[in-house]
Amino acid sequence: MTGLWEQLAANRAETSERKIVSLLEDSARFDQFAAEADGLLLDASKTNIDPAALALLMELAEAAGVTEKRAAMFAGEKINETEGRAVLHTALRADDSAPLMVDGADVRPAIAQTLARMEAFAEGVREGTIAAQNGARFTDVINIGIGGSNLGPVMATLALAPYHDGPRCHFISNVDGAHAADILQGLNPETTLVIVASKTFTTIETMTNAETVLDWLGAGVGPEIGAHLAAVSTALELTANMGIAPERVFGFADWVGGRYSLWGPVGLPIMLAVGAEDFRAFLAGAGAMDRHFVSAPLARNLPMLLALVGIWHRNICGYGTRAVLPYDQRLSRLPAYLQQLDMESNGKSVGLNGAALAQKSGPVVWGEPGTNGQHAFYQLLHQGCDVIPAEFLIAAEGHEAGLAQHHALLKANCLAQSEALMVGRSLETAMQIAADLGFEGEAQARQAAQRVFAGNRPSVTLAYQKLTPFVLGQIIALYEHRVFVEGVIWGINSFDQWGVELGKELSNALLPMVLGASAEGKDASTRGLLAKLTG
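Cut-off values and rules
Residues numbered from 1 in each chain as written. Predicted model: local features only at pLDDT ≥ 70, side-chain atom pairs only at ≥ 80, totals over all residues. Heavy atoms only, no water. Helix = DSSP H or I, 4+ residues; strand = E, 2+ residues; numbered from the N terminus. Rg over C-alpha atoms; globule rule 2.2 N^0.38 Å. Buried < 20%, exposed > 50% of the residue type's maximum accessible area, 1.4 Å probe, protein only. Contact = heavy atoms within 4.5 Å. Areas by Shrake-Rupley, 256 points an atom, 1.4 Å probe, with all protein chains shown as cover. Lys, Arg positive; Asp, Glu negative; His and termini not counted. Charge placed at Lys NZ, Arg CZ, Asp CG, Glu CD. 1 Å grid on protein atoms, 1.4 Å probe; cavity = no way out; pocket = protein on both sides within 12 Å on 5 of 7 lines; lining within 4 Å. Points joined across faces, edges and corners; volume = space filled by probe spheres on them. Nonpolar A, V, L, I, M, F, W, Y, C, P; charged D, E, K, R; others polar. Salt bridge = Lys/Arg side-chain N within 4 Å of Asp/Glu carboxyl O. Core = buried A, V, L, I, M, F, W, Y, C linked by side-chain atoms within 4.5 Å. Pairing = 2+ DSSP bridges. Axes fitted to C-alpha atoms, helices over the stretch in contact; angles between N-to-C directions. Patch = residues over 30% accessible without salt bridge, like charges linked within 9 Å, V, L, I, M, F, W, Y side chains within 5 Å. Arc of directions from axis to C-beta. Disulfide = S-S within 2.5 Å.

Peer 1: Help me get a handle on the overall build of the protein, residues and values and all.
Peer 2: Scanning the protein from terminus to terminus reveals 21 helices and 13 strands. A compact globule built from 535 residues should have a C-alpha radius of gyration of about 24 Å, and the protein, at 25 Å, falls within 12% of that. Taken along its principal axes, the extent of the C-alpha atoms in the protein is 80 × 65 × 55 Å. Here the protein holds 535 residues, and the buried ones make up 51% of them. Looking at the protein alone, contacts between residues at least 24 apart form 75% of all its contacts between residues at least 6 apart. Carbon and sulfur atoms form 54% of the exposed surface of the protein, whose accessible area is close to 23,200 Å². Looking at the protein, you have 38 positive and 58 negative side-chain charges, and the mean spots of the two groups are 3 Å apart.

Okay, here's the thing in structure tokens:
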């Protein structure tokens with residue numbers, strides 16, 4: 001692969017001063033650098049990748065074994081090598097009855113059974129046949145979890161707001177007591193269902209929040225609170241100790257990683273909000289993207305193209321971050337969701353071979369919805385010292401039919417920003433603007449310099465008809481597979497997260513010190529901070 005990296009670097013060296021807009025003088029470029037799957041369009045034509053570079057990037061993917069690793073993942077092989085696990089979140093949304101074997105057992109029957117149990121429970125709550133202790137219909141649901149047990153459900157529930165016809169869903173994740181206090185304020189415990197989401201039922205933040213919420217429930221409805229509880233966990237003994245009936249506990253296997261888990265029981269709040277039918281449409285969208293990822297040729301394969309653009313920008317151009325910019329208010333939590341998906345998966349510096357990586361891996365992922373972001377950080381995107389590739393998301397149609405003018409303005413802004421990043425503004429144009437404002441001589445030059453936009457800043461755009469459950473499933477699965485492809489090319493395991501462990505261990509050791517135990521042995525900075533915070 002070394003030779004391919006070198007050829008890509010040579011291509012970049014030869015073309016780094018080339019203007020992206022010049023590539024679009026070729027009328028065929030959009031067709032060559034845009035691809036579509038089931039109505040979801042990815043446009044990568046506003047990048048400086050030319051056909052020769054794209055061919056090299058595709059060779060790089062093949063040389064890294066992406067095709068083989070992809071087949072191994074879908075077949076249930078243990079590609080999470082450091083933990084000895086299969087990676088089968090895709091099986092949770094597969095419309096397939098063919099046996100899928102893991103450790104000698106077909107996992108498909110258990111997946112179908114769990115989904116059926118989820119649907120029965122969710123529909124029972126939504127219809128009122130599964131009710132509160134006093135027989136009342138549940139009006140609110142609190143989901144207590146953190147990380148993958150929170151970010152996915154929060155993001156998807158907000159994104160699918162137009163489809164809500166069930167109880168209101170609330171989420172508590174942060175161990176900061178303010179989070180629980182703010183959520184509980186104004187809720188009625190007599191009509192609130194609580195879901196505790198923790199695979200092991202030992203996650204300290206989740207269990208601390210659960211104790212607080214259970215105390216709140218007990219104070220409101222009395223000590224018998226089992227009718228108000230459900231769990232997403234595999235620790236049946238611990239859930240029973242909390243008073244949760246086994247039929248209200250929904251588990252998932254270790255071949256579903258936390259940040260990939262919203263397709264199964266972790267997605268129970270989504271199903272409670274939108275119903276089983278729309279949840280199945282959500283799964284169907286992801287399943288359609290899975291099939292596209294497996295079957296589409298590299299040049300027309302959306303996850304492959306998005307990943308190769310990411311490799312080009314991160315490794316060949318040296319760009320350290322990427323901005324995710326959904327022009328959809330209901331996707332406001334998508335950037336945070338993708339932060340975990342991407343940075344927890346590919347934030348690695350050591351390869352599967354145990355050696356330091358030859359190439360830099362995962363970039364910083366961040367963003368906010370447009371148009372709010374335009375009035376916050378787009379100044380840096382357009383005129384800052386660093387080039388930050390942008391990823392725009394936009395629907396052709398909004399859900400608010402009576403507010404069509406709003407959506408027209410939203411689309412115009414999205415298209416304008418990607419164009420502005422690309423074309424920029426020349427000094428000549430800026431000089432004329434300054435002259436029109438009445439400036440002359442040195443003042444004109446000084447004013448004009450402030451108004452120059454370098455341009456030539458790359459972006460990609462995801463466009464779709466409307467943000468439906470199906471489309472949301474497509475988008476999330478697209479980004480999952482993008483992370484997978486990039487990880488394979490970098491030679492890392494995208495499915496472990498050892499980097500989160502050390503902080504947990506040190507936190508457990510520090511808690512007694514925060515409560516007054518001796519801090520002997522700690523560094524001077526930590527001792528000083530403990531004195532300030534506990535004195």
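Alright, that's what it looks like, and here's the rest.
Peer 1: Describe the layout of surface pockets, naming the residues involved and giving the relevant values.
Peer 2: Here the idea is plain: a probe the size of a water molecule rolls over the atoms and shows the empty space left. Volume-wise, the largest pocket comes out at about 1,300 Å³. Around the largest pocket, the lining is made up of 45 residues, and of these Thr 203, Gln 497, Val 500, Glu 501 and Lys 504 lie nearest the centre. Of all the secondary structure elements, the ones that give two or more residues to the lining of the largest pocket are helix 9 (204–221), helix 14 (334–346) and helix 20 (501–514). The biggest single contributor to the lining of the largest pocket is helix 20, with seven residues. Grouping the amino acids of the lining of the largest pocket by side-chain chemistry returns 19 nonpolar, 17 polar and nine charged. Around the second largest pocket, the lining is made up of 23 residues, and of these Gly 398, Glu 400, His 406, His 407 and Leu 410 lie nearest the centre.

Peer 1: Describe in detail the pattern of salt bridges, supporting the description with residues and values.
Peer 2: For the coordinates displayed, the defined rule picks out 20 salt bridges. When the shortest N-O distance is used, the salt bridge between Arg 93 and Asp 290 registers 2.8 Å. Pair noted here: Arg 93 is in the loop between helix 5 (66–74) and strand 3 (101–102) and Asp 290 is in helix 12 (residues 276–295), with a separation of 197 residues, a long-range link. The buried category is assigned to Arg 93, whose relative accessible area is 4%. Taking the shortest distance from any N to any O, the salt bridge between Asp 96 and Arg 108 comes out at 3.5 Å. With Asp 96 in the loop between helix 5 and strand 3 and Arg 108 in helix 6 (residues 108–127), this pair connects stretches of sequence that are twelve residues apart. When salt bridges that share partners are traced, they join Arg 322, Asp 342, Glu 391, Arg 482 and Glu 486 into one network.

Peer 1: Residues and numbers for empty space enclosed by the protein, please.
Peer 2: Scanning all chains against the criterion turns up four cavities of 30 Å³ or more. If you add up the space inside the largest cavity, you get close to 90 Å³. Forming the walls of the largest cavity are 14 residues, and the residues nearest its centre are Gly 310, His 313, Arg 322, Pro 389 and Glu 391. Listing elements by their share of the lining of the largest cavity, those giving two or more residues are helix 13 (302–316), strand 10 (321–326), strand 12 (390–395) and strand 13 (459–464). Here the lining of the largest cavity takes four residues from helix 13, the largest share from any one element. By residue class, the composition of the lining of the largest cavity is six nonpolar, four polar and four charged. Its volume calculated, the second largest cavity comes out at about 60 Å³. Surrounding the second largest cavity, Lys 69, Ile 79, Leu 352, Phe 484, Gly 487, Val 488, Ile 492, Asn 493, Ser 494 and Phe 495 form its lining. Ranked by residue count, the leading element in the lining of the second largest cavity is helix 19 (residues 469–490), at three residues. Partitioned by chemical class, the residues of the lining of the second largest cavity number six nonpolar, three polar and one charged.

Peer 1: Describe in detail the nonpolar core, supporting the description with residues and values.
Peer 2: The tendency in soluble globular proteins is for nonpolar side chains to be buried as a group. Core analysis: the largest hydrophobic core is formed by 116 residues, its most contacted members being Trp 255, Leu 262, Tyr 337, Leu 393, Tyr 464, Leu 472 and Ile 489. It is helix 19 that contributes the most residues to this core, 13 residues altogether. Excluding its chain neighbours within four sequence positions, the residues that come into contact with Leu 393 are Val 324, Leu 325, Pro 326, Tyr 327, Leu 331, Leu 334, Leu 462, Tyr 464, Ile 475 and Tyr 479. Leu 184, Val 221, Leu 229 and Ala 235 belong to the second largest nonpolar core, which has 24 residues in total.

Peer 1: Outline the side chain of Gln 417, supporting the account with residue identities and numerical values.
Peer 2: Position of Gln 417 relative to the elements: it lies in helix 16 (residues 404–423). Taking the relative accessible area as the measure of exposure, Gln 417 reaches 13% and is therefore buried. When near neighbours in sequence (up to four residues on either side) are disregarded, Gln 417 contacts Tyr 327, Gln 374, Tyr 378, His 382 and Phe 392.

Peer 1: Report on the sheet that holds strand 8 (residues 229–232), specifying residues and quantitative values.
Peer 2: On the basis of which strands lie adjacent, the open sheet formed by five strands has the order 6-5-7-8-9 and parallel pairing. Two strands close off the open sheet at either side, each with one partner strand: strand 6 (168–172) and strand 9 (249–250). Here helix 9 sits on the sheet in contact with strand 5 (140–144), strand 6, strand 7 (192–197) and strand 8, set at roughly 160° to strand 7.

Peer 1: Help me get a handle on a nonpolar patch on the surface, residues and values and all.
Peer 2: A cluster of nonpolar side chains, contributed by Ile 204, Leu 511, Val 514 and Leu 515, occupies part of the molecular surface with about 390 Å² of accessible area. Here Leu 515 is to be found in the loop between helix 20 and helix 21 (524–534).

Peer 1: Give a detailed account of helix 5, specifying residues and quantitative values.
Peer 2: For helix 5, the complete set of buried residues consists of Val 66, Arg 70, Ala 72 and Met 73. Viewed along the axis of helix 5, the buried residues span an arc of 165°, placing them on a single side of the element. At its buried positions, helix 5 is contacted by helix 4 (51–64), helix 12, helix 13 and helix 19. Just past helix 5, the residue Gly 76 takes up positive phi, approximately 85°.

Peer 1: Could you give an account of unusual backbone geometry, with specific residues and numbers?
Peer 2: Thr 371 follows Gly 370 through a cis peptide bond whose omega is 10°. With respect to the helices and strands, the residue Thr 371 is situated in the loop between strand 11 (364–366) and helix 15 (378–383). The phi angle at Phe 201 is positive, at roughly 60°, despite the residue not being glycine. Mapped onto the elements of the fold, Phe 201 is located in the loop between strand 7 and helix 9. In the Ramachandran plot, Asn 456 falls in the positive-phi region, its phi being about 60° despite a non-glycine side chain. Within the fold, Asn 456 resides in the loop between helix 18 (441–450) and strand 13. Since its relative accessible area comes to 17%, Asn 456 is described here as buried.

Peer 1: Would you mind going over the state of the cysteines in detail, with residue names and values included?
Peer 2: Counting across every chain of the model gives zero disulfides. The thiol of Cys 385 is unpaired, and the distance to the nearest cysteine sulfur, on Cys 317, comes to 18 Å.

Geometric descriptors of this kind do not, in isolation, establish any biological role.
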